[in-house]
Amino acid sequence: MKQGFEKYIPFVPLKREKRSWPDRELKKAPIWCSVDLRDGNQALIDPMNVEEKLELFHTLVDIGVKEIEVGFPSASEVEFEFLRTLIDDGHVPDDVTLQVLVQARPHLITRTFEAIQGAKHVIFHFYNSTSTLQRKVVFHTDVAGVKKIAVDAAELIYEMAQPVIASGTDLRYEYSPESFMGTEMDAAAEICAAVLDALHADADHRVILNLPTTVENCMPNYFADEIEYFIETLPGRERAIISLHPHNDRGEGVATAELGLLAGADRVEATLFGNGERTGNVDMVTLALNLFTQGVDPELDFSHINAIRDVYERCTKMKVGPRQPYAGELVFTAFSGSHQDAINKGTQYMRQSGTAYWEIPYLPIDPADVGREYEPIVRINSQSGKGGAAFIMQQNFGYDLPKAMHPEFGHIVQAETERVGTELQPQRILELFQQNYIDATAPYQLIKHSFQETTDASDKSHVRFTGTLRHTDTVFEVSGEGNGPIDAFFNAIHGQKMDRFAFVDYKEHAVSDGSDSMAVAYIHLRDKDGKDVFGVGLDHNINLAPLRGILSAINRAWLARHHSS
Ligand code: KIV
Ligand code: ZN
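Residues numbered from 1 in each chain as written. Chains lettered and ligands numbered in written order. Predicted model: local features only at pLDDT ≥ 70, side-chain atom pairs only at ≥ 80, totals over all residues. Heavy atoms only, no water.

Trainee: Is there a simple way to explain helix α10 (residues 284–292) in this structure?
Mentor: Side chains that are three or four residues apart share a direction in an α-helix, a result of its 3.6 residues per turn. Burial of α10 is extensive: eight of the nine residues sit out of reach of the surface. Within α10, the full set of buried residues consists of M284, V285, T286, L287, A288, L289, N290 and L291. Packed against the buried residues of α10 are β1 (31–34), α9 (253–262), β8 (267–270) and α11 (305–316). Two to three positions downstream of the cap, the backbone nitrogen of V285 sits 2.9 Å from a side-chain oxygen, assigning the N-cap of α10 to D283. (Buried < 20%, exposed > 50% of the residue type's maximum accessible area, 1.4 Å probe, protein only. Helix = DSSP H or I, 4+ residues; strand = E, 2+ residues; numbered from the N terminus. Contact = heavy atoms within 4.5 Å. Polar contact = N/O pair within 3.5 Å; in protein donor to acceptor, adjacent residues only side chain to side chain.)

Put into structure tokens, the structure is as follows:
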């Protein structure tokens, strides 16, 4: 891309001496409005049918959205029919307001009034485009021209609304200066003030002024400056609810909404997972859960995000990407070894400290808060370090490998990921553990054994071990005594060829495999050259598991010697 950029006209930011939004904090949820069924729907390859729209509508209601733009009823029969179905079949809870969109054109406004008959709560949303670009290339008019379109529509709507209000409908108004972000701010304030006048807005009858980034064309800080300036300039701000309607062309929709709220907006129009025209509308899930993770109640319920994602994907036939904040398949997964390690330590810290706060590195939200607690956080590929494989062994299979063994097992797993070139499933990690440690039963094998335990006058236990071992084709007897089974066995093999190791440490615990409970023993030996050797023994008998572990270690060392020579 060496050439081409010269043809783009850069956004010209407002000149602001002072701005107060950077010093503010978001402390409460905005008024939410979903535009899934309108802006989201109009951007689909196959727009939703009535059944799909109904399913998504009920999902939005369950999430707790109280203002839902349900369509453009004057635009098509399906849209009209959907609105009628909602009203006539009683789908709308009393605390939910239906929002309908219409262009600022008389015949469409008339048709829209037909569509809303009988609704309890309605937001009548009309718009026309006001930006310099649209005025120049589409409407061939000036500010006065677009202001007239807006005011004429507002007057007509106000007049037509009176009998509807008299018949019992709670009807409110919303006006969007479409492409607001590309409009001169003084002109936008002038047009919107004229619309407020035409709609008789006052502090008790506030009109929603919805300020879209119809096509996102500037950085979020410039947009926040525009919003702050607009609010300062608008005559009678108390007559308006300031709403944002960010799109996401620069990938900054969420930041635009957040900074716009800091700049004084009260409301946000958004869609689930950011569906919408081109790159989409701003994502309601991300906005809400960003608030949640800052300790602010978002007043929306995303505690079953997977179920919401399923409905969304089924109805819209769109896919939620694996990296989509909070909802993507991979967003709670760590492949990197250092991340896995920190998550592991954070989990232990939370368990041990009993902290009331969420304090796990690399996990900005508790997966349980969005219903994702049963998904694997740690997954293993070639980027995973020593701790990850041990974490899988612990979480999935109940094997609590001693710390000293983590690097060795980590290398075994790493070599396998590099060999196959893909992620390893937990079952494969268990197989590697079994193959490398538990199945290390040659050349030394225990054929028969017995323990005799006696206690002396001072209550000290004394164990005598007698056993038959095999080394390839040679069978031999050993016996020894000690203060416990491990000691006795170690003394028994003293003087044999296997006697080249010092005992360093061991750890034993129970593992249950369904109904079957076994003892697992991890043995740490050191050979004469100072090299550490690990072995693992598994047996129903807790005395036998460590002996199998010792033989596993000795066999592994033997195999390593013979493979390297
Ligand atoms: O993006 C936009 O400007 C719109 C308006 C109709 C509000 O969707
Ligand atoms: Zn839009």
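Trainee: Hey, could you run me through the coordination of the zinc ion (ligand 2) in this one?
Mentor: Each angle at a metal carrying four tetrahedral donors should ideally be 109.5 degrees, and each at a metal carrying six octahedral donors should ideally be 90 or 180 degrees. Coordination sphere of the zinc ion (ligand 2), protein contribution only: D39 (OD), H245 (NE2) and H247 (NE2), at 2.0 to 2.1 Å. When the donor residues of the zinc ion (ligand 2) are listed from N- to C-terminus, their spacing reads D-x205-H-x1-H. The two residues H245 and H247 agree in class, both being buried. (Donors = N, O, S within 2.8 Å, 3.2 Å for Na, K, Ca; no water.)

Trainee: Is there a simple way to think about the pattern of salt bridges in this case?
Mentor: Note on pairing: side chains with opposite charge can pair once their charged atoms come close. For the structure on display, the rule yields 39 salt bridges. The residue R172 makes a salt bridge to E67 at a minimum N-O spacing of 3.1 Å. One end of the pair, R172, is in strand β5 (residues 170–178); the other, E67, is in strand β2 (residues 67–71), with 105 residues separating them in the sequence. With relative accessibility at 22%, the residue R172 sits in the partly exposed group. For E67, a relative accessible area of 9% translates into the label buried. Linked through salt bridges whose partners overlap, the residues forming this network are E67, R172, E174, R267 and E269. (Salt bridge = Lys/Arg side-chain N within 4 Å of Asp/Glu carboxyl O.)

Trainee: Got a minute to help me understand the pairing of β2 in this structure?
Mentor: Taken residue by residue, a regular strand's side chains alternate between the two faces of the sheet. Of all the five residues making up β2, five are buried; the element is thus mostly covered by neighbouring parts of the structure. The pairing of β1 with β2 spans two bridges and is parallel. For C33, the partnering residue across the bridge sits in β2 and is E67. After leaving β2, the chain enters helix α3 (residues 77–88) and then returns to the sheet as strand β3 (residues 97–103), a path that is right-handed. (Pairing = 2+ DSSP bridges. Right-handed = clockwise from strand over helix to strand, strands pointing away.)

Trainee: Sorry if this is basic, but what is going on with empty space enclosed by the protein here?
Mentor: For the structure shown, the criterion picks out one cavity of 30 Å³ or more. Approximately 30 Å³ is the volume attributed to the largest cavity. Every residue along the wall of the largest cavity is listed here: I380, N381, S384, G385, A389, G410, V413 and Q414. The dominant element in the lining of the largest cavity, judged by the number of residues it contributes, is helix α14 (residues 406–420), at three residues. Split into classes, the residues belonging to the lining of the largest cavity amount to three nonpolar, five polar and no charged. (1 Å grid on protein atoms, 1.4 Å probe; cavity = no way out; pocket = protein on both sides within 12 Å on 5 of 7 lines; lining within 4 Å. Points joined across faces, edges and corners; volume = space filled by probe spheres on them. Nonpolar A, V, L, I, M, F, W, Y, C, P; charged D, E, K, R; others polar.)

Trainee: Before we go on, may I ask you to explain the site of ligand 1 in this structure?
Mentor: Near ligand 1 the following residues occur: R38, D39, L101, H125, Y127, S176, E178, N210, P212, T214, H245 and H247. In this structure, an oxygen atom belonging to ligand 1 sits 2.9 Å away from a side-chain N or O atom of R38. Surface burial for ligand 1 is 95%, taken as the share of its 260 Å² of free accessible area covered by protein chains. Elements represented by at least two residues in the shell around ligand 1 include exactly α1 (36–42), β4 (121–129), β5 and β6 (207–213). Here the residues of the shell around ligand 1 are counted per class, giving three nonpolar, six polar and three charged. (Near = heavy atom within 4 Å. Areas by Shrake-Rupley, 256 points an atom, 1.4 Å probe, with all protein chains shown as cover.)

In short, shape yes, function no, at least from these values alone.
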